[in-house]
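# Examination of the molecular architecture
Letter by letter, the chains look like this.
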Amino acid sequence: MEAAGPVTRAAARKRAPQIPEEQRERRPGRRRPRRRIEEEQEEAVFHEVVSFTPDPLPARYYDKDTTKPISFYFSSLEELLAWTPGMEDSFNVALESSECRQPPLSSQRPRTLLCHDMMGGYLDDKFIQGSTAHTPYCFYHWQSIDIFVYFSHRTVTIPPVGWTNAAHRHGVCVLGTFITEWKEGGQLCEAFLAGDERSYRAVADQLVLIAQFFRFDGWLINIENSLSLAAVGNMPHFLRHLTTQLHQQVPGGLVLWYDSVVRSGQLTWQDELNQHNRIFFDSCDGFFTNYNWREEHLERMLGQAGERRADVYVGVDVFARGNVVGGQFDTYKSLELIRKHGFSAALFAPGWVYECLEKKDFFQNQDKFWALLEHFLPTHSICSLPFVTSFCLGMGTRRVCYGQVRGLPGGAASRHRGCPPLSLWSHLGEVGGRGVGGMAAALLPRPLALPSPPSCGLVLQEEAVGPWYHPSAQEIQPLFAEHSLEGAGRGWVKTRCCLADAWNGGSSLLVRGLIPPDVGHVAVRLFSLQVPVPPKIFLSLVYKLEGPSGVEVALELTTGDAGSCHVGGIRTLNAGTSARHSPRPLRVPPTKLARWVGHCGQQLQGGWVQRCYEVSLWGCLLQDLFVSFARPPGSLEEASFVCRLGELQVVDAKSLLAPLPRVRAVTVSRVRWQRATSEEEGPPAPLRLSCTLHWSYVLSPVRCFRIRCRTGTGGGPPGGGPPGPEKPALLGLAFVNQYRIADLLVAAAGPSGDGRVEFLVEPVPKEGFLVPQAQWGRAALLYSTPRT
């Protein structure tokens, strides 16, 4: 085969360029909407004349049926090299980089890689703003893995942003896949590898730019075709340039090589690291072996890997195809041998539990699969605050929003309907009880004391009815566990996710257990942390007990010594002596705190209870979070319990003092009009509106944005009726500074005046409190019929 000429890309970039503001707002080929700023309300007003002229959207970025934004891939070298970042690309940018974690990925502890390969990829997970999938695949054992690879057979597989957001929230790094296969793959490799260095450097630089722009962490390189001597000779240079540039532009970036081609250029899987493929291992960050290995392969690799043993990821095909040690529910047999020799593990396609088993038993089967591996999967710890989770899986049969106060300006809940003034809240006092064995210091804070008026106006509101799936909305998941008490007979405690009820989102954590007669309480560890604790932290737990139960629910936490650890305001358990710390009244709490703990100690709608705590610590590391269940006072009988956990928060008190930014510069662009279908028609015939919102906001302090609309002329959520002017309708959640509205039903503009739709962008802080409407972003779209 004649080597192709060099493929170059002019001005290959080393830094992801910023999209100019004027490019973001201007719609090519159409007039720019007239904009007016009402300074008092800071509401942008856009004017549109309704037109049904086709205005096609770029096919790569939008679903052809719904026009909703989708994640995408590149199928050719030409597509890869021609790509430059644009406004549509921003939908697929991750909210933030991976959270701080301990131990860091650079440590030499053996790691666990999950390679997600499911039915070709880009299924329901491709819908960036979520979908109505009934039974989607969902992964939630994040604390047991270190690296997530999104795999497909497209040439350049860019991970859908929902996976990147969920993984980063758990401190897990995310890799895309660069793959070449068959005859076409060989031709592609010749095009960029058989020429001079300009060709392979252009491809490497573009892969780095893509990872940097979309905020994922690197690449798995999988060459599944033979290479010419010229091409295979340049492959180590390509890998070294890609790895070096990625490390410079993406902190913590990784490049891994899959065991396929050998140094001669032949496609010959080795099932091990050896002298035939060692050159590729030496040129990047790690090596992912093929799956048909035996223990003798692992023994031989010890010498080849040397001090980089943790950089060898021994492949395990969970489908158990070929001659493997163990797959499916016997995957633990493979893990046992891999860990015996100190290597990292790469689990390929653990979605087997979803693809091949009954969908109705998916959660039970997935928990069973990961429980069998638990002994061989060291967990990692999150090491940053705020730490907030509602245990939402990013899916559900309905979606609810934590209680909101109706009819109050700015969410000021503290004095509504008889709520006590905040001066009644106190710091922590002494609490008795027995600690959890084996911990250096277990701390059981006492909740802030409050009278309990009936709900104080807090109502649980349902945001969406029917199934939904939004991977970006998945919140931090716990250590799913099943523990039996040693020497305590029948005592046990189990945790699992549950879609039947939720406090915020679509699911909660269900904890079941039994307290035997000779034990005072049982506790289960939910999270492993390594957080240098600020001087004062606030904690909040939302839970409810199912059925009649006198069991008492409490938080426990453990601390480690980060120098000289001093605990104030709580009692230290498991210590020979304990100092009593007098509580001081919380006389003038910050405004944010007023919103954050506005319902502490109260019985909320649906049986939920919120407990709030304040802890003072100096020089300490917060290590673990437990939930404890104690027998009813005076009871000597065994006590069973079923408890749902709806939310857990650990917040730096100082962060509640920082002023909140306001959402600014909301724009409306890419407007498209359609006539409503016949069954939706009425006098006058309604319209369907699609448009893109964009706004300005610093992303680091937010969990997401809630996008709402309000109209005075009819309008409502997609597929629904008018919400009424006083209550904005929720359209969806955004995890970047833009959102595509698709097929919003609005009333037709009459001959006597404009139609009007108002869009509102509500920031949701990581701390979880409700933001006053004065700090939301607003834009209004006025539309009229063409003049004849």
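Scroll up a little and you will see the structure.
Residues numbered from 1 in each chain as written. Predicted model: local features only at pLDDT ≥ 70, side-chain atom pairs only at ≥ 80, totals over all residues. Heavy atoms only, no water.

### Examining the overall build of the protein
- Along its length, the protein carries twelve helices and 34 strands.
- When the 788 residues of the protein are sorted by exposure, 60% land in the buried category.
- Nonlocal contacts in the protein, meaning residues at least 24 apart in sequence, comprise 80% of its contacts between residues at least 6 apart.
- Accessible surface, the protein: about 31100 Å² in total, of which carbon and sulfur atoms supply 51%. (Helix = DSSP H or I, 4+ residues; strand = E, 2+ residues; numbered from the N terminus. Buried < 20%, exposed > 50% of the residue type's maximum accessible area, 1.4 Å probe, protein only. Contact = heavy atoms within 4.5 Å. Areas by Shrake-Rupley, 256 points an atom, 1.4 Å probe, with all protein chains shown as cover.)

### Some points on the packing of helix 4 (residues 182-193) against helix 5 (residues 197-214)
- The interhelical angle for the contact between helix 4 and helix 5, taken along N-to-C directions, is 110°, at an axis separation of 7 Å. The angle between helix 4 and helix 5 places the two elements in the roughly perpendicular class. Where helix 4 approaches helix 5, its residues Ala191, Phe192 and Leu193 are matched on the opposing element by Ser199, Tyr200 and Val203. (Axes fitted to C-alpha atoms, helices over the stretch in contact; angles between N-to-C directions. Parallel < 35°, antiparallel > 145°, perpendicular 65-115°, else oblique.)

### Some thoughts on the state of the cysteines
- The final tally for this structure, using the stated rule, is one disulfide.
- For cysteine 100, the disulfide goes to cysteine 383, at an S-S distance of 2.0 Å. Since a negative S-S torsion denotes a left-handed disulfide, the cysteine 100-cysteine 383 link at about -95° is left-handed. Within this pair, whereas cysteine 100 is found in the loop between helix 2 (77-82) and strand 4 (101-102), its partner cysteine 383 is found in the loop between strand 14 (381-382) and strand 15 (387-389), the two being separated by 283 residues in sequence. (Disulfide = S-S within 2.5 Å.)

### Digging into the packing of aromatic side chains
- Per the stated rule, a full pass over the model turns up 41 aromatic pairs.
- By the ring-pair criterion, three or more aromatic residues cluster together here, those being Tyr137, Phe139, Tyr140, Trp142, Phe148, Trp163, Tyr354, Phe362, Phe363, Phe369, Trp370 and Phe480.
- Between lysine 359 and the ring centre of tyrosine 354, over which it is positioned, the NZ or CZ distance is 4.6 Å. (Phe/Tyr/Trp six-rings, centres within 6.5 Å; stacked < 30°, edge-to-face > 60°. Lys NZ or Arg CZ within 6 Å of the ring centre and 35° of its normal.)

### Focus on the side chain of arginine 339
- With respect to the element layout, arginine 339 can be found in helix 9 (residues 331-340).
- Of the side chains bearing the opposite charge, aspartate 146 lies closest to the buried arginine 339, which forms no salt bridge; the N-O distance is 5.9 Å.
- Within the local environment of arginine 339, its side chain forms a polar contact with the backbone oxygen of phenylalanine 376, the two atoms lying 2.8 Å apart.
- If we skip the residues at most four places from it in the chain, arginine 339 touches Pro110, Arg111, Thr112, Ser344, Ala345, Phe376, Leu377 and Pro378. (Lys, Arg positive; Asp, Glu negative; His and termini not counted. Salt bridge = Lys/Arg side-chain N within 4 Å of Asp/Glu carboxyl O. Polar contact = N/O pair within 3.5 Å; in protein donor to acceptor, adjacent residues only side chain to side chain.)

### Focus on the environment of leucine 123
- Tracing the backbone shows leucine 123 in the loop between strand 5 (112-116) and strand 6 (147-150).
- Through-space distance from the C-alpha of leucine 123 to that of serine 71 is 9.9 Å; in sequence the pair is 52 residues apart.
- Filtering out sequence-adjacent residues up to four positions away, leucine 123 remains in contact with Met118 and Tyr150.

### Some remarks on the pairing of strand 30 (residues 702-711)
- For strand 30, the buried fraction is high: ten of the ten residues fall into the buried class.
- Sheet topology note: the strand 30/strand 33 (residues 755-765) ladder contains nine bridges and is antiparallel. When the sheet's bridge partners are listed, isoleucine 707 is paired in strand 33 with valine 761.
- Bridge count for strand 30 against strand 31 (residues 729-734) is five bridges, and the pairing is antiparallel. Residue pairing in the sheet places isoleucine 707 in a bridge with glycine 732 of strand 31. (Pairing = 2+ DSSP bridges.)

### Observations regarding helix 11 (residues 362-373)
- Spanning twelve residues, helix 11 covers 17 Å between terminal C-alpha atoms, matching the ideal 16 Å at 1.5 Å per step.
- Considering only its buried residues, helix 11 is in contact with strand 5, helix 9, strand 13 (344-348), helix 10 (352-355) and strand 20 (492-498). (Expected span 1.5 Å × (residues − 1).)

### Quick word on the pattern of salt bridges
- Enumeration according to the criterion identifies 26 salt bridges in this entry.
- The salt bridge partner of lysine 340 is glutamate 295, with a shortest N-O separation of 2.9 Å. On the criterion of sequence distance, the pair formed by lysine 340 in helix 9 and glutamate 295 in helix 8 (residues 295-305) is long-range, its members being 45 residues apart.
- On the accessibility criterion, glutamate 295 (22% relative accessible area) is partly exposed.
- Where aspartate 501 meets lysine 544, a salt bridge forms, and the shortest distance between an N and an O atom there is 2.4 Å. Of this pair, aspartate 501 sits in the loop between strand 20 and strand 21 (508-515) while lysine 544 sits in strand 23 (residues 536-545), placing them 43 residues apart in sequence.
- Under the relative-accessibility criterion, aspartate 501 is labelled buried at 11%.
- Judged by relative accessible area, which is 10%, lysine 544 ranks as buried.
- The network of salt bridges with common partners includes Arg101, Arg109 and Asp146.

### Quick look at unusual backbone geometry
- The step from glutamine 102 to proline 103 runs through a cis peptide bond, and the omega angle for that step is -10°.
- With respect to the element layout, proline 103 can be found in the loop between strand 4 and strand 5.
- With phi around 55°, tyrosine 122 is a residue other than glycine that occupies positive phi space.
- Position of tyrosine 122 relative to the elements: it lies in the loop between strand 5 and strand 6.
- One non-glycine residue, aspartate 743, adopts positive backbone phi at about 55°.

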